[in-house]
Amino acid sequence: MSKSPQPAANSRIPGFHRMTTDERRAAVAAFCGLDEESVAQLAMPGNLDAHIADHMIENVVGTIAIPIGVATNMKVDGQDVLVPMATEESSVVAAVCNAAKQCYDAGGFTTSISGTLMIAQIQLLGVSDPQSARIRILERRDEIAAACNACDPLLVKLGGGFRDLEVRVVPTRGGEIVVTHLIVDTRDAMGANAVNTMAEALAPSIEAWTGGRVLLRILSNLADRRLARARAVWPADAIGGPAVRDAMIAAYQFAEADPYRAATHNKGIMNGVSAVVLATGNDTRAVEAGAHAFAARTGRYKSLTNWEVTADGSLAGTLEMPLAVGLVGGATKVHPTARACIKLLGVTTAEQLARIIAAVGLAQNFAAMRVLATEGVQKGHMSLHAKNIAIVVGAVGDEIETLAAILIGRRQVRQDVAEAELAKLRQG
Ligand SMILES: CC(C)(COP(=O)([O-])OP(=O)([O-])OC[C@H]1O[C@@H](n2cnc3c(N)ncnc32)[C@H](O)[C@@H]1OP(=O)([O-])[O-])[C@@H](O)C(=O)NCCC(=O)NCCSC(=O)C[C@@](C)(O)CC(=O)[O-]
Ligand SMILES: NC(=O)C1=CN([C@@H]2O[C@H](COP(=O)(O)OP(=O)(O)OC[C@H]3O[C@@H](n4cnc5c(N)ncnc54)[C@H](O)[C@@H]3O)[C@@H](O)[C@H]2O)C=CC1
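Once a new chain begins, its residue numbering starts again from 1 and follows that chain's sequence as written. The lettering of chains begins at A and the numbering of ligands begins at 1, in the order of writing. In keeping with the model being predicted, local features are shown solely for residues with a pLDDT of at least 70 and side-chain atom pairs are shown and tallied solely at 80 or more, while totals for entire chains, interfaces and linings include all residues. With hydrogens and water excluded, all non-hydrogen atoms of the structure serve as input to the side-chain values.

Here is the rule: UniProt positions are given in the numbering used here, feature names are shortened, and annotations may be inferred rather than shown by experiment.
Going by an unreviewed UniProt entry, the protein chain carries the name 3-hydroxy-3-methylglutaryl coenzyme A reductase and comes from Phreatobacter aquaticus. For the record of the protein chain, the UniProt heading Catalytic activity (unreviewed entry) holds the text "(R)-mevalonate + 2 NAD(+) + CoA = (3S)-3-hydroxy-3-methylglutaryl-CoA + 2 NADH + 2 H(+)". According to UniProt, the comment filed for the protein chain under the heading Sequence similarities (unreviewed entry) is "Belongs to the HMG-CoA reductase family."

## Some details on the pairing of strand S8 (residues 227-234)
Inclusion rule: Two strands form a pair only when DSSP identifies at least two bridges running between them. The secondary structure listing takes helices from DSSP runs of H or I that are at least 4 residues long and strands from runs of E that are at least 2 residues long, numbered from the N terminus.
When strand S3 (residues 109-113) meets S8, the two strands line up antiparallel, connected through five bridges. Among the inter-strand pairings, threonine 111 is bridged to a residue of S8, identified as alanine 230. In terms of strand pairing, S8 meets strand S10 (residues 315-322) through eight bridges, oriented antiparallel. Looking at S10, one finds that alanine 232 is bridged to glycine 317.

## Let's talk about unusual backbone geometry
Under the convention used in this document: When a residue's accessible area, from a 1.4 Å probe over protein chains only, is under 20% of the maximum for its type it is buried; when over 50% it is exposed; and in between it is partly exposed.
Not every positive phi belongs to a glycine, and serine 91 is a case in point at roughly 80°. Residue position: serine 91 is located in the loop between strand S2 (79-86) and helix H4 (92-104). Even without being glycine, arginine 187 reaches a positive phi, approximately 50°. When its relative accessible area of 33% is taken as the criterion, arginine 187 is described as partly exposed.

## Quick look at the nonpolar core
Test applied: Only buried residues count toward a nonpolar core, which is a set of Ala, Val, Leu, Ile, Met, Phe, Trp, Tyr and Cys residues joined through side-chain atoms within 4.5 Å. We call two residues contacting when some pair of their heavy atoms lies within 4.5 Å.
By size, the foremost hydrophobic cluster in this structure holds 62 residues, and its most contacted members are Met74, Val83, Met85, Phe109 and Trp234. Leave out the neighbours within four places in its chain, and valine 83 touches Gly69, Val70, Ala71, Met74, Val276, Leu345, Ile356 and Val360. Leu124, Ile137, Met198 and Leu219 belong to the second largest nonpolar core, which has 31 residues in total.

## Section: the site of ligand 1
Threshold: Throughout, the term near means that a residue has one or more heavy atoms lying within 4 Å of the molecule or strand in question. Whenever a nitrogen or oxygen atom comes within 3.5 Å of another N or O atom, the pair is scored as a polar contact, on the condition that within protein one atom can donate a hydrogen and the other can accept it, and that pairs from neighbouring residues in sequence are kept only if both atoms are in side chains. Note that accessible areas follow from Shrake-Rupley with a 1.4 Å probe, and for residues the cover is restricted to the protein chains shown. Three classes are used: nonpolar for Ala, Val, Leu, Ile, Met, Phe, Trp, Tyr, Cys and Pro, charged for Asp, Glu, Lys and Arg, and polar for all others, with Gly counted as polar. Where each domain starts and ends comes from a domain assignment, either automatic or drawn from a database.
Taken together, 28 residues lie near ligand 1, and Ser91, Lys101, Arg261, Lys267 and Asn271 sit nearest. Here a nitrogen atom of ligand 1 sits 2.7 Å away from a polar atom, N or O, in the side chain of serine 91. Protein contact buries 77% of the 1,100 Å² of open area that ligand 1 shows by itself. When the residues that make up the shell around ligand 1 are grouped by side-chain class, the tally is 11 nonpolar, 11 polar and six charged. Counting contributing residues, the shell around ligand 1 receives three or more from each of domain 1 (28-111 + 229-374) and domain 3 (379-427).

Structure below.
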């Protein structure tokens, strides 16, 4: 039995990972004033009602439960926050806690956002004079704005709606096409449905103005008008000294130079990003598509983060990436556990959510680079993964921790070794 949880004054909760799950929920509730219903929702095994599941997607036959861990030590824009992360991968949550701990005293993470603008694309084919068609569409800006806003009076009332118009002539293998971008502020919605409705509503007018034929009418997941940014500074002393710092810079330079490495580097960032996106009921595929398209925007796939050394010798990291997430729409309001996670985070706007997710992505990248540039990823990752291996070979109850400790002690986190050790354990 671990020690009793103390109400947390901040997100630094040393030993949080040694508490029982009940104690952790109590500590989280004490930290953010989470109501009993949300605590109960988090505690419920298989916490999605079959009836709700059956209405969320098609042809439902069941649900799959993914654990939600809470990242501690996070300070974002001066405020301590506990961050729920839904992931099947061991060591991801621990990595964020670890990275955040090492920059906490230096101020944690500072974030910003470029706005909450989404882009809907309308593809126009069959115009012999695409440049003229482009100008004809641009001339209708006011009509287009009014038509878009008429599609979603609630969004307009909430301060969102049409913001801008772009029209591009894009060469394709089938000839030049005219692509209209509707740029719409979707406020606290991710906004796919909202902007798709506008694009579909406008299509007949665009055909009438140009004599062309509209084909696709759909948002772009390259949400480069909805960038979230995070930065943080890790003093060299807090991370093991200048040699560790310089090794991390060299690791980053590898990702900058080589897309094979950049893909893995960015996968590490997405370990954190996608886990918060999923926990809050947002669309992981939309965020992932946006991230990777943004990483490749110059024509060469690159790191989403930048790392450099400050004048005083600290390690400074920055992350900038599209983060189209919402607090309304999708599963955010439908899935009761997503609602509980949003309460746990204490965010009231999509902007705040995106900013915290960017901070988590940066933390995750720091932790991965630090272990890769020092002891290697296997030590930490495999020690946490040892419990999974124990379960795979059939360990139950107390056997799981005992067997995992044996595997870590032997430095052989392998299924064949686990099978043999479990057999030995059971023989007494
Ligand atoms: C695993 C650690 C954190 C151990 O790191 P450590 O230095 O052994 O940890 P420690 O025991 O000294 O503890 C330091 C702090 O880490 C946290 N911590 C420590 N242990 C736990 C735990 N069990 N549960 C929750 N939090 C934990 C916790 O905050 C703790 O502070 P405390 O609370 O004790 O004051 C470290 O090795 C690490 O950061 N590893 C990185 C792991 C990682 O990146 N995993 C992702 C999976 S690999 C992958 O998919 C991505 C990759 C790597 O390919 C990306 C890339 O290539 O760039
Ligand atoms: N390529 C993609 O990424 C695609 C994604 N989707 C899905 O679309 C869904 C998201 O679409 P949304 O338009 O976000 O959902 P939605 O249509 O369910 O909700 C958005 C609407 O909520 C209303 N609203 C109420 N309060 C609001 C507030 N505070 N701020 C903004 N709007 C508010 C507005 O009328 C707004 O249009 C996700 O489930 C996503 O998976 C759908 C098609 C394509």
